[in-house]
Amino acid sequence: MEFNPIIVKFVYAAIVVVVIMTFCAYAVLAERKISSWIQGRVGPNRTALPLIGGIPVLGPFLTRLGIFQPLPDGLKFLFKEDVVPAHVNKFYFIMAPILSLVPALTTVAVVPFGQFVTEAGEVIPLVLANVNVGLLFLFAISSLGVYGVVLAGWSSNSKYPFLGGIRASAQMISYELAMGVSVLPVILWVNAPGKEGTMNLFDIAQAQNGFWFAMWMPLSAIIFLVCLFAETNRLPFDMAESETELVSGFHTEYSSFKFGLFFVGEYAHMIIGSCVFTLLFLGGWNPLPFVTLETLGMDKGILGAALSVGIFLGKMCAMMFLFMWVRWTLPRFRYDQVMRLGWSILLPLSIANLIAYAIIIFYLDTAL
Amino acid sequence: MEKLYLPEIARGLSTTFRRLWEKPVTLEYPEQRPTIPESYRGVPTLVKDPEGREKCVSCQLCEFVCPPKAIRITPGSIPEESDYAHVEKAPQEFEIDMLRCIYCGMCQEVCPEEAIWLQNQFSMSGYTRKEMVNNKEKLYELGGTLPDEHFKWKKKKEAAEKGGGHH
């Protein structure tokens, strides 16, 4: 039976989006649970589904873990009153939350999440769009996410959202530079002379069958990670929100489903960010440095594919945990500290890092 | 070194990581209840003495002293056929409006008969305003019996029966 390839792609895309949204929902739950554990609380532990919650032992256990919590959380966003204040610019006000979620979901297209090795040894990347400029596409689209925040702040026509929007845009611009420069060493190394030039995330992940890039480019990894926190508006860089100063920043005037879109958008950005960090610096689906699925002899067929996806998702979840862990540990930077860190520390550092690695890589590529 | 942030961030992260595994310090409220300290000022209640007699003599001092005027007493006398007749008076109706009560404890302080006590119940809820007014029956139900060394009624009864004393 042959399917129209376009329809197949649509089905794949739908599956990926559903999976990402589910991850978002459970990321919210994880956030609540981790925050409560760190703060010596219990966290959501009451919501029970009638049937599954009634199973002895397992039901109460899942209920205590809050497994069913995302459902009422989501329903709450749907059923609450959707207030559009009279003083807002309606068109942009409604467009902003869409604009903040759509780029996050679009970038999923170029993020590979595993590999499928046929019996013949042919490696097929599990990715929606295996484009050559993957990383560039990802940076370009994910930067669009800031428009959602800026438009929300501006169209709300009130002071706190406005300040939040301004801060968000300033922060995004400052940290995107350092972020872009910090990955250049990775791309330099992957594109060794004699090979076909690529910025494909799948190729970058496959290039880490020896050292992971986080190991021999630790400075790049740290700078990229810090910028990732800033780009996703997470603490300690949640300038756009800073609820203690700006009520809740850019989404102060939003309620109900529109707020829900911002909320999901933030977590979708985090998930994509974690994926990208895993692919660039943590070896993608390679289980350990110098150990690939191929050396373990478990790379073939469906099992190998499932294993690679599992390892990749495991690493991604570890990154998500790091995001949350940091959030509940650190206080927020002051605005001027954020700017100083971005412009006068991270940017020069990333440029120096680039030059140093350019020289090292030139030496390695020519001498060896 | 501190300007680098990272070492201190790592230290902070290790602190929070240790916290992850510690037991929660919170109580899961409706199932687990906090231990109430002695002399806690909870909901004001009326108490009976160990002989089952109501101690309140409806002197209305509490009604007078109550800052938010939450107490309303209708004084009455004890019926002739009662065992306790002629000894003292008793309230016909005693109402404390818990929407007004501020838990100051002045009623307990002022009561000459030690009949009104703020005990350890701390959560009151109801669907209507009327439900939040505790009547006499409810107040005795909440109050129960407290130990009492005075046995005032016994002494009074003896005095009344044997003559003399101050009836």
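Not measured: the values here are computed from a predicted model.

S.K.: Teacher, can you tell me more about the overall build of chain B here?
M.R.: Secondary structure summary: chain B contains 5 helices and 5 strands in total. The order of helices and strands in chain B, counted from the N terminus, is α-β-α-β-β-α-β-β-α-α. Taken against the 2.2 N^0.38 rule, which gives 15 Å for 167 residues, the C-alpha radius of gyration of chain B at 25 Å runs more than 25% over that of a compact globule. Judged by the C-alpha coordinates and their principal axes, chain B covers about 90 × 35 × 30 Å. Within chain B, buried positions represent 19% of all 167 residues.

S.K.: Honestly, the domain arrangement of chain A in this entry has me stumped. Any pointers?
M.R.: Residue and element names in this part refer to chain A. Its domain assignment divides chain A into domain 1 (1-79) and domain 2 (81-367). Across the boundary between the two partners, domain 1 contributes 17 residues, which contact 16 residues of domain 2. Secondary structure elements with two or more residues in the side of domain 1 that touches domain 2: helix 1 (5-38) and helix 3 (70-79). Of all the elements, helix 1 adds the most residues to the side of domain 1 that touches domain 2, at 15 residues. The residue makeup of the side of domain 1 that touches domain 2, split by class, is 15 nonpolar, 1 polar and 1 charged.

S.K.: What is the right way to look at the packing of helix 1 of chain A against helix 13 (residues 301-327) of chain A in this model?
M.R.: Describing two packed helices takes the angle between their axes plus the distance from one axis to the other. Residue and element names in this part refer to chain A. Close contact between helix 1 and helix 13 brings their axes to 10 Å; oriented N to C, the two are set at 45°. In terms of their interaxial angle, helix 1 and helix 13 are classed as oblique. Of the two possible hands of crossing, helix 1 and helix 13 adopt the one that is right-handed. Counting all contacts with helix 1, which are made through Ala27, Ala30, Glu31 and Ile34, the residues of helix 13 involved are Met320, Met324 and Trp325. When its residues are assigned to classes, the contact of helix 1 with helix 13 shows 6 nonpolar, no polar and 1 charged.

S.K.: Hey, could you run me through the packing of helix 6 (residues 159-190) of chain A against helix 14 (residues 335-367) of chain A in this one?
M.R.: All names here are of chain A. Packing of helix 6 against helix 14 brings their axes to within 9 Å, and their N-to-C directions diverge by 15°. On the basis of their axis angle, the class for helix 6 and helix 14 is roughly parallel. The chirality of how helix 6 crosses helix 14 is left-handed. Among the residues making up the contact of helix 6 with helix 14, the classes are represented as 19 nonpolar, 6 polar and 1 charged.

S.K.: How should the nonpolar core be read in this particular structure?
M.R.: The tendency in soluble globular proteins is for nonpolar side chains to be buried side by side. Core analysis: the biggest nonpolar cluster contains 86 residues, and A:Phe224, A:Cys227, A:Ala268, A:Ile271 and A:Leu280 have the highest contact counts within it. When residues of this core are assigned to their parent elements, the largest contribution, 14 residues, is made by helix 11 (residues 256-281) of chain A. Two domains each provide a minimum of three residues to this core, namely domain 1 (1-79) and domain 2 (81-367) of chain A. Formed by 19 residues, the second largest nonpolar core is a distinct cluster that contains B:Ile71, B:Ile73, B:Cys111 and B:Leu139.

S.K.: Please explain the sheet that holds strand 2 (residues 71-77) of chain B as it appears in this structure.
M.R.: Strand pairing within a sheet occurs via backbone hydrogen bonds; the two strands may be parallel or antiparallel. Residues and elements named next belong to chain B. Read across the sheet, 3 strands follow the order 2-3-5 without closing on themselves; strand pairing throughout is antiparallel. A strand with exactly one partner marks an edge of an open sheet, and here the two such strands are strand 2 and strand 5 (133-134). Running over the sheet, helix 4 (residues 136-143) touches strand 3 (89-97) and strand 5 and is turned about 85° from strand 3.

S.K.: What should I look at first to understand the pairing of strand 3 of chain B in this one?
M.R.: Along any regular strand the residues' side chains alternate between the sheet's two faces. Residue and element names in this part refer to chain B. In the sheet, strand 2 pairs with strand 3 via 7 bridges, with the strands oriented antiparallel. Within the sheet, the bridge partner assigned to Ile71 lies in strand 3 and is Ile96. Bridge count between strand 3 and strand 5: 2 bridges; the pairing is antiparallel. Bridge pairing in strand 5 links Asp97 to Val133.

S.K.: When you look at helix 4 (residues 90-107) of chain A in this model, what are you seeing that I'm missing?
M.R.: All names here are of chain A. With 18 residues, helix 4 should reach 26 Å at 1.5 Å per residue; the first-to-last C-alpha distance of 27 Å fits that figure. A bend of about 30° at Ala96 is the largest found in helix 4, and the proline Pro97 appears one to four places after it. Packing partners of the buried residues in helix 4 comprise helix 1, helix 5 (134-155) and helix 11.

S.K.: So what exactly am I meant to see when it comes to unusual backbone geometry here?
M.R.: Only a minority of non-glycine residues have a phi that is not negative, and only a minority of peptide bonds are not trans. Residues and elements named next belong to chain B. Phi is positive for Gln60, close to 70°, though the residue is something other than glycine. Mapped onto the elements of the fold, Gln60 is located in the loop between strand 1 (44-46) and helix 2 (61-65). In this structure Gln60 comes out as partly exposed when scored by C-beta crowding, with 15 C-beta atoms within 10 Å. The phi dihedral of Lys69 is positive, around 55°, even though this residue is not glycine. Considering the arrangement of structural elements, one finds Lys69 in the loop between helix 2 and strand 2.

Quick notes on the rules
- In this convention, every chain numbers its residues from 1, walking through the sequence in written order.
- To read the labels, note that chains go from A and ligands from 1, taken in the order they are written.
- Where local features are concerned, this predicted model is filtered to residues with pLDDT of at least 70; where side-chain atom pairs are given and counted, the filter is 80 or more; whole-chain, interface and lining totals use all residues.
- Think of it this way: any DSSP run of H or I at least four residues long counts as a helix, any run of E at least two long counts as a strand, and we number them from the N terminus.
- A radius of gyration in this sense is built from C-alpha atoms; the matching globule rule multiplies 2.2 Å by the number of residues raised to 0.38.
- Counting other C-beta atoms within 10 Å of each residue's C-beta, where C-beta atoms are placed from the backbone, gives the exposure class: buried for 20 or more, exposed for 12 or fewer, partly exposed between.
- Each domain's extent is set by a domain assignment, obtained either automatically or from a database.
- Residue pairs are scored as contacts if the distance between their C-beta atoms, which are placed from the backbone, is within 7 Å.
- Three classes are used: nonpolar for Ala, Val, Leu, Ile, Met, Phe, Trp, Tyr, Cys and Pro, charged for Asp, Glu, Lys and Arg, and polar for all others, with Gly counted as polar.
- Axis definition: a line fitted to C-alpha atoms, over the contacting stretch in the case of helices. Angles run 0 to 180 degrees between N-to-C directions.
- Comment on the angle field: the value is read as roughly parallel under 35 degrees, roughly antiparallel over 145, roughly perpendicular from 65 to 115, and oblique elsewhere.
- Left-handed describes a crossing in which the near helix is turned anticlockwise from the far one by less than a right angle; the clockwise case is right-handed.
- Each nonpolar core consists of buried Ala, Val, Leu, Ile, Met, Phe, Trp, Tyr and Cys residues. Their C-beta atoms, within 7 Å, join them into a set.
- When DSSP locates at least two bridges between a pair of strands, those strands are taken to pair.
- Helices are assigned an expected span. That span is 1.5 Å times one less than the residue count.
- Note on bend: the value at a residue is the angle between axes fitted to the seven residues ending there and to the seven starting there.

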